[in-house]
Amino acid sequence: QMNRGPVLCFAGPPGTGKTSIGRAIAEALERKFVRLSMAGLRDEAELRGHRRTYVGAMPGRIINELKRLGVRNPVFMLDEIDKIGQDFRGDPASVLLEILDPQQNAAFVDHYVDVPFDLSQVMFITTANLVDRLPAPLLDRLEVIYFPGYTEKEKVQIARRFLIPRQLREHALTHLTPEFTDGAIARIIGDYTREAGLRNLEREIANVCRKLARLSLKTKGGAGGLTVDEVLAERLLGPRKFSHEVAEAGNQVGVTTGLVWTEFGGEIIFVE
């Protein structure tokens, strides 16, 4: 029997790699991985099944996924648990108490199956953007691990090692091997994206790759060995979307400098 570990909750802004870490954990443990999106889930019967007296009764999604995988000890990721809906059909967030609590889930009863099923071998991982919305009893059972946003230096390295090679493969540009300079990557991060994660950065890199592919077609493959620098990046992506104001050196009458901070990053603002 496996030792019962804590139920992890990965909390942080979108695009910071919460789901990817879940997959990596499953890979490292050599277990099967299943991801269940909880966003907008309103009916608790979705998780716990319907009684057989109802027309069209079905087992809940937990039992369904275990049946599909054919194992009783997968890594089970419950994604976006802070976006569970609530209405007159019950409170699915409270059903999660029974599913996630190691004291209770050894005898989890699905209404359709109607016999206790042992979920204690399953490794549950949950993800959320903001844990403030979770009910206190549920939060009490979770071990929250915060995923902060990435700094610009980290984003440059991630783009260079992972995002750019992937986009070059997806856009069939590996034979041209365009070289991105650090300045160009920093320009894309600073002037075209404003986020804690990496999704928009990957989107902008994909934009550059598509335009390089078109360039290559126009010049009949003569764009080989291209270097994408700051000038070319701006030419391909157009005028910058975000400008970063520098805090004024001298004080100005009627202008006060403020600092704003959210989960997604900070910014200096000027209030007149």
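In what follows, the structure referred to is the one given above.
Residues numbered from 1 in each chain as written. Predicted model: local features only at pLDDT ≥ 70, side-chain atom pairs only at ≥ 80, totals over all residues. Heavy atoms only, no water.

Draft legend 1. Highlighting the packing of helix α6 (residues 152–170) against helix α7 (residues 182–192). Running from N to C, α6 and α7 cross one another at 110°; their axes reach a closest spacing of 10 Å. Compared by their axis directions, α6 and α7 come out roughly perpendicular. Viewed along their axes, α6 and α7 form a crossing whose handedness is right-handed. Note on element contacts: α7 touches α6 through Asp182, Ile185, Ala186 and Ile189, opposite Glu152, Lys155, Val156, Ala159, Arg160 and Ile164. Partitioned by chemical class, the residues of the contact of α6 with α7 number 6 nonpolar, no polar and 4 charged. (Axes fitted to C-alpha atoms, helices over the stretch in contact; angles between N-to-C directions. Helix = DSSP H or I, 4+ residues; strand = E, 2+ residues; numbered from the N terminus. Parallel < 35°, antiparallel > 145°, perpendicular 65-115°, else oblique. Left-handed = near helix turned anticlockwise from the far one by under 90°. Contact = heavy atoms within 4.5 Å. Nonpolar A, V, L, I, M, F, W, Y, C, P; charged D, E, K, R; others polar.)

Draft legend 2. Molecular detail of the environment of Glu202. Along the chain, the position of Glu202 falls in helix α8 (residues 199–218). Owing to a relative accessible area of 18%, Glu202 belongs among the buried residues under this scheme. Taking the C-alpha atoms as reference, Glu202 lies 19 Å from Phe147; in sequence the two are 55 residues apart. Residues in contact with Glu202, not counting those within four places in the same chain, are Leu163, Arg166 and Gln167. (Buried < 20%, exposed > 50% of the residue type's maximum accessible area, 1.4 Å probe, protein only.)

Draft legend 3. The arrangement of the side chain of Asp191 in detail. Mapping Asp191 onto the fold places it in helix α7. Apart from the residues within four sequence positions on either side, Asp191 is in contact with Arg240, Lys241 and Phe242.

Draft legend 4. Summary view of the sheet that holds strand β3 (residues 75–79). Spatial ordering of the open sheet is given by β2-β3-β6-β1-β7, a layout of 5 strands whose pairing is parallel. The open sheet is flanked by β2 (33–37) and β7 (142–146), the only strands paired with a single partner. The mean angle between the axes of side-by-side strands here comes to 25°, regardless of whether they run parallel or antiparallel. On the sheet, helix α1 (residues 18–29) packs against β1 (7–11), β2, β3 and β6 (123–128) and is oriented at approximately 170° with respect to β3. Of the strands in this sheet, β1, β3, β6 and β7 are in contact with helix α4 (residues 92–100), which crosses β6 at around 150°. (Pairing = 2+ DSSP bridges.)

Draft legend 5. Looking closely at a positive patch on the surface. Where like charges cluster on the molecular surface, the positive patch consists of Arg210, Lys211, Arg214 and Lys218. As for its position among the elements, Arg210 is in helix α8. (Patch = residues over 30% accessible without salt bridge, like charges linked within 9 Å, V, L, I, M, F, W, Y side chains within 5 Å. Areas by Shrake-Rupley, 256 points an atom, 1.4 Å probe, with all protein chains shown as cover. Salt bridge = Lys/Arg side-chain N within 4 Å of Asp/Glu carboxyl O. Lys, Arg positive; Asp, Glu negative; His and termini not counted. Charge placed at Lys NZ, Arg CZ, Asp CG, Glu CD.)

Draft legend 6. Layout of the nonpolar core. By size, the foremost hydrophobic cluster in this structure holds 30 residues, and its most contacted members are Met38, Phe76, Leu78, Ile81, Leu96, Ile99 and Phe124. Among the elements of the structure, β1, β2, α3 (61–69), β3, α4 and β6 are those that each provide at least two residues to this core. A total of 5 residues in this core trace back to one element, the largest contributor, which is α4. Those residues in contact with Met38, other than ones at most four positions away along the chain, are Leu47, Leu78, Asp79, Glu80, Ile81, Lys83, Ile84 and Leu96. The next biggest cluster of nonpolar side chains, apart from the first, holds 25 residues, and it includes Ile158, Ile189, Cys209 and Leu232. (Core = buried A, V, L, I, M, F, W, Y, C linked by side-chain atoms within 4.5 Å.)

Draft legend 7. View of the packing of aromatic side chains. On inspection of all chains with the given rule, the structure shows 2 aromatic pairs. Measuring from centroid to centroid gives 5.0 Å for Phe10 and Phe147, while their planes differ by 45°, and the two rings are tilted. Residue Phe10 is located in strand β1, and its partner Phe147 is located in the loop between β7 and α6; the two are separated by 137 residues in the primary sequence. For the ring pair Phe76 and Phe124, a centre distance of 5.6 Å and an interplane angle of 40° mean the geometry is tilted. Note that Phe76 is positioned in strand β3 and Phe124 in strand β6, a separation of 48 residues in sequence. Accessibility assignment for this pair places Phe76 and Phe124 in one class, buried. The ring of Tyr112 has Arg52 sitting right over it, with the charged end atom 4.5 Å from the ring centre. (Phe/Tyr/Trp six-rings, centres within 6.5 Å; stacked < 30°, edge-to-face > 60°. Lys NZ or Arg CZ within 6 Å of the ring centre and 35° of its normal.)

Draft legend 8. How the structure looks around α3. Listing the buried residues of α3 in full gives Ile62, Ile63, Glu65, Leu66 and Leu69. The buried residues of α3 all sit within an arc of 165° when viewed along its axis, so they share a single face. Facing away from the buried side of α3, by more than 90 degrees, are the exposed residues Lys67 and Arg68. On the buried face of α3, the contacting elements are β2, α2 (45–48), β3, α4, β4 (108–109) and β5 (116–117). (Arc of directions from axis to C-beta.)

Draft legend 9. Region of the structure containing unusual backbone geometry. For Asp114, which is not a glycine, the phi torsion comes out positive at approximately 65°. Take Asp114: it is sitting in the loop between β4 and β5. With a phi angle near 55°, Ala172 is a residue other than glycine that sits in the positive phi range. Residue position: Ala172 is located in the loop between α6 and β8 (179–180).

Draft legend 10. Spatial organisation of the pairing of β1. The element β1 is extensively covered by neighbouring structure, given that 5 of its 5 residues are classed as buried. Covered by surrounding structure in β1 are Val7, Cys9 and Ala11 together with Leu8 and Phe10, the residues of both alternating faces. Of the pairings in the sheet, the one linking β1 to β7 comprises 5 bridges and is parallel in character. Bridge pairing in β7 places Val7 opposite Leu142. Pairing of β1 with β6 involves 4 bridges; the strand directions are parallel. Residue pairing across strands places Leu8 opposite Ile125, the latter belonging to β6.

That is the geometry; function is a separate question.
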